[in-house]
Amino acid sequence: MTTFSTTISTLALSLLLGHIAVGGLPVDTAASGAPRLPSFSLAAFLPGDSAPPPAQKAADPPPPPRPIRKRPLLAAAEVAGINLGVWAFLHYVGDAFYSYISWETIRDNFRDGFEWDRSRYFVNFYHHPYHGYLYFSAGRANGLNYWGSALATLGGSLMWEVVMEKYRPSINDLVTTTAGGCVYGEIGYRFSALVRKKDARGLGRIWREAVGTILDPIGGVNRLLNGRKDSDPGLPGSPDAGRILNGEVVLTGPVVTRSAELAGTRAAPLVGFTLNYGDPAGTGWSGHPFDVFSVKGRLRWGPDRPHLSLFIHGALFGKKLASRGGTSHFLGLYQHYEYYGLDTLRVCGTSFTGGWSSRFKFSPDVALTASARLGWLGLGSSDDFYADPGGDRRSYNFGTGLTSAAEVAIAAKGYEYFSVIWRHYGLYALAVSGGRAGRESWDILQGQVNVPVWEKLGVGFVVEYCGRRFDFKDYPPGSRRLVEARAFVSCQF
Amino acid sequence: MRQSARRQGTGLVVVLLLAAGVARADIGGLKPFSAQLDSGAVFVKEAGFGHGWRYGGGVFFRTGKRAGVEILLERFGVPVEEDAGGEPGLGAGRMDMTSLLFNQHLFFLSRGRILPYAILGVGFCFIGYSPDDAAVLPEKDFVDRLALQLGGGLDFRVSSGLAVSGKVRYNMVKTWVEDLPRTEPIRETDPLAQNMLHLYGLELSLGLKFSF
């Protein structure tokens, strides 16, 4: 079930991106003289109603914050309901062996405490965060803020681990479900607020509610049960929702991959997207977690099976620094959830970093955006190719360590021509649950050139390098490298 | 024949009109708290298991205009035939089940004398087995389970503080019989390798609900 839901939500995000149409700039972005990066509002693209013209939107004063009724008990009840519903499905439909629970298994779980769980890689690091997404959605749907919803996610995950499975509770599942669930849940909630619209009627209402429910599942169910009240959380006008986003959709043909150490050249088609919510340089930051975030995702088919990669980071705390002449700076504490998957290299992790982001204006039309982050990779994981290289993907190492990232992009007249992204993960393997002791270092570097061809459509070329150096106990140190080059068609918005 | 049918039809209309009149009489909405006692019959679906009496008691908390949570302790016992459920070596005897239930009630009406509702919940079921021959110590036992509860009920409110409550509920226990004594924690047993018994019990009950 989780696989199906995950697939649906991923597809929904892709479908959303395919329907994006022109919207307006945030009011304070325009006022500050920040470059007019082309921006789109999701609220404008669904049928049944039309978006207000950008000029009119920019002139409107920001809506006053509207108090939302907080219902923590209902949120807790819905979190418990999610767990019982998932358990009932797994027990009576799926006949899952771990769903045979009783008072006795719960008592044993309390007595024996936590352990490390080695489910399949994709299950542990993608499905579990999706489960957490539902808990977080329950918190948000009942008026809780980010931190209240994070607590609901932690509580839901704890209940699942201790009560709803016959196995001992898993510490890594608790971490990935909670941390990943908060990240997925908050971006889903923010996007749902861009889609839903007050007073929408007819087909427009149906589309908006359906897509909003995929993005914010429990909020959608609540709206259905309470008659879709327009005073509910998750609508434009909520104090911390409903900003403008911009980004890019990329479609490539076969990807040419080469590796110095891995034999052969392989090809795989790929679709990717980038969404920037809010201004990374801090314009419009109002002090709420995830007022500014970025989602970078891609799905590539093959060469062996579909591989999903997701890079998400959002500001939890931040401070916009004084700027002049269109230049702006932002200092922030960020939360990350990252999942990088290829057929031969996989790494993922949940982390917290501190960093800055700046935008420098060289002329009214040309801007350079640069950012850097450094922090703690709380819980990461990488595949263990020494063991079971082609098996059911349960061979991986848990680790903790350091992570860093840097990004530079140059845009002219709102079109991003050039960008370079570097990410680094330094993992110290925890050697738990059969994992290998040692350390490894990952570097992912991506350089991209993009040229507009017609309006927002462009063509480009990207080169991506992924390098992994490792030094495991009882094994000789070594490295793996992979270089990809691909041409693409893109649509920036 | 036609006269009899007409009489029955007229009687049905009168009963429906009376019921509608009673139902329309407004004695307020649900009260925040209730204590309840009920009793009735239980029929276990699995082959070789019979039917018996059940009784229970508990409390009910209103959590919304049309919702509430019931916490109920119930117990029932049914006869078990030899090799019931295809379980070899299980002697004739009696199965007793004590359950702690957490049931959500979703009411279709929020006020009035007649309040129908749906039941959705879970129960911690503690299942015991005693062979008919009291001199023989049991060598087998049923494994305790968490079970889904599905059903519905109807409260007929005699006054704002007293209601007669009728319920129909399915207690969906999936379990197996284990050999005694157990040598390892139950989590180490693979349930999918066991002879699974679907002890789905249809429970019919009638009780009193005192509201405060």
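Keep in mind it's a predicted model, so treat the numbers as computed, not measured. (Residues numbered from 1 in each chain as written. Chains lettered and ligands numbered in written order. Predicted model: local features only at pLDDT ≥ 70, side-chain atom pairs only at ≥ 80, totals over all residues.)

So, about the overall build of chain A. If you tally the helices and strands in chain A, you get 10 helices and 13 strands. Buried positions account for 48% of the 493 residues belonging to chain A. The contacts in chain A between residues at least 6 apart in sequence include a share of 67% that link residues at least 24 apart. (Helix = DSSP H or I, 4+ residues; strand = E, 2+ residues; numbered from the N terminus. Buried ≥ 20, exposed ≤ 12 C-beta atoms within 10 Å, placed from the backbone. Contact = placed C-beta atoms within 7 Å.)

With that settled, consider the interface of chain B and chain A. Each partner contributes to the interface: chain B provides 13 residues, whereas chain A provides 13 residues. Elements that contribute at least two residues to the side of chain B that touches chain A include exactly β5 (114–131) and β7 (145–159) of chain B. Split by residue class, the side of chain B that touches chain A holds 9 nonpolar, no polar and 4 charged. (Nonpolar A, V, L, I, M, F, W, Y, C, P; charged D, E, K, R; others polar.)

Residues and elements named next belong to chain A. Mapped onto the elements of the fold, A138 is located in helix α6 (residues 121–141). Expressed as a C-alpha distance, the spacing of A138 and G219, which sit 81 residues apart in the sequence, is 6.6 Å. If we skip the residues at most four places from it in the chain, A138 touches A75, E78, V79, I82, A152 and I218.

This next bit is on the confidence of the model for chain A. Per-residue confidence for chain A averages 80 on the pLDDT scale, and 77% of its residues sit at or above 70. Within chain A, helix α7 (residues 146–164) of chain A carries the highest mean pLDDT (96), whereas helix α2 (residues 27–32) of chain A carries the lowest (34). (pLDDT = per-residue confidence, 0-100.)

All right, on to helix α4 (residues 72–93) of chain A then. Over its 22 residues, α4(A) extends 31 Å from the first C-alpha to the last, a length consistent with the 32 Å expected when each residue adds 1.5 Å. Within the sequence span of α4(A), burial applies to A75(A), E78(A), V79(A), A80(A), I82(A), N83(A), L84(A), W87(A) and H91(A). On its buried face, α4(A) sits against α6, α7 and α10 (217–225) of chain A together with β5 of chain B. Of the residues one or two after α4(A), D95(A) is the one with positive phi, at around 50 degrees. (Expected span 1.5 Å × (residues − 1).)

Confidence in the prediction for chain B averages 88 pLDDT; 92% of positions are at 70 or higher. Across the interfaces of the predicted complex, the ipTM metric reaches 0.85, alongside a pTM of 0.82.

A few words now on unusual backbone geometry. Looking along the chain, the bond that leaves L180(B) and enters P181(B) is cis, with omega of -5 degrees. Residues other than glycine seldom take positive phi values, yet K413(A) does so here, at roughly 50 degrees. On the secondary structure map, K413(A) appears in the loop between β9 (396–412) and β10 (415–430). Overall, the presence of 14 C-beta atoms within 10 Å leaves K413(A) in the partly exposed class. One non-glycine residue, E455(A), lies in positive phi territory at about 50 degrees. If you trace the backbone, E455(A) turns up in the loop between β11 (437–454) and β12 (457–472).

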